[in-house]
Amino acid sequence: MTAQVIGVHHGHRRLDEPAAVRFTPQGRPLALRWHGGIWQVIGRPATVAAAAASTTGWHFSAQTGPASPVLEFGIAFDAASDGWRLVSVGGSPD
C-alpha cells in the first residue's frame, strides 16, 4: 500500500503508511525512517493506549539532527499486518 493522506487536523497531516521504527530495550520509540532520513526521537514519547495493559500507538517529537526542524509523529500498531503504521506528521507545537 502506498502512503495516503487522509486529512489535516490541527496542522498535522493524517497518513496511513508503513513505519520503520526502532525501539529502546524498554519498548519506547527511538528512531523512525521517513523520507530517506532517520528521525531521532527527542524528549519523551507519549503512549496512546486502547486498554491499560496494551500500547497501540505513540506520539513523539523527532529530528534528523541538531539543525533540522522538529516534527511531531504519530504511529500506531496494526494487528492485521503485524506492523507499525505512520498515522500523522506535523510541525512542532512551539
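Definitions and limits used
- Every chain is numbered on its own, with residues counted from 1 as its sequence reads.
- Where local features are concerned, this predicted model is filtered to residues with pLDDT of at least 70; where side-chain atom pairs are given and counted, the filter is 80 or more; whole-chain, interface and lining totals use all residues.
- Heavy atoms from the whole structure form the basis of all side-chain values; hydrogens and water molecules are not counted.
- Secondary structure elements are defined from DSSP: runs of H or I of at least 4 residues count as helices, runs of E of at least 2 residues count as strands, and each element is numbered from the N terminus.
- A simple rule labels every residue: compare its accessible area, found with a 1.4 Å probe on the protein chains alone, to the largest value its type can have, and call it buried under 20%, exposed over 50%, or partly exposed in between.
- Two residues form a contact once any of their heavy atoms are found within 4.5 Å.
- Any pair of nitrogen or oxygen atoms within 3.5 Å is treated as a polar contact; in protein, a donor-acceptor pairing is required on top of that, and neighbouring residues in sequence qualify only through side-chain atoms on both sides.
- Among the buried residues, those of types Ala, Val, Leu, Ile, Met, Phe, Trp, Tyr and Cys that are joined through side-chain atoms within 4.5 Å form a nonpolar core.

Undergrad: I tried to follow the environment of Phe77 on my own but got confused; where do I start?
TA: Relative to the helices and strands, Phe77 resides in strand β7 (residues 71–78). Its relative accessible area of 36% is what places Phe77 among the partly exposed residues. Separated by 10 residues in the primary sequence, Phe77 and Val87 place their C-alpha atoms 9.8 Å from one another. With sequence-adjacent residues up to four places away left out, Phe77 is seen in contact with Thr56, Asp82, Gly83 and Trp84.

Undergrad: Before we go on, may I ask you to explain the side chain of Gln63 in this structure?
TA: Here Gln63 shows up in strand β6 (residues 54–63). Gln63 gets classed as buried once you look at its relative accessible area, which sits at 15%. Here Gly65 takes part through its backbone oxygen, which lies 2.9 Å from a polar atom of the side chain of Gln63. There is a polar contact of 3.0 Å between the side chain of Gln63 and the backbone oxygen of Ser68. Once you skip the residues sitting within four places of it in the chain, Gln63 turns out to touch Ile38, Trp39, Gln40, Ile42, Ser68, Pro69 and Val70.

Undergrad: Just checking my understanding: could you explain the nonpolar core for this structure?
TA: Nonpolar side chains tend toward joint burial in soluble globular proteins. The biggest cluster of nonpolar side chains holds 16 residues, and the ones touching the most others in it are Ala19, Leu32, Trp34, Phe60, Phe73, Ile75 and Leu86. Listed by contribution, the elements that provide at least two residues to this core are β4 (29–34), β5 (37–51), β6, β7 and β8 (83–91). Not counting residues up to four positions away in its chain, the partners in contact with Trp34 are Arg13, Glu17, Trp39, Leu71, Phe73, Leu86 and Val89.

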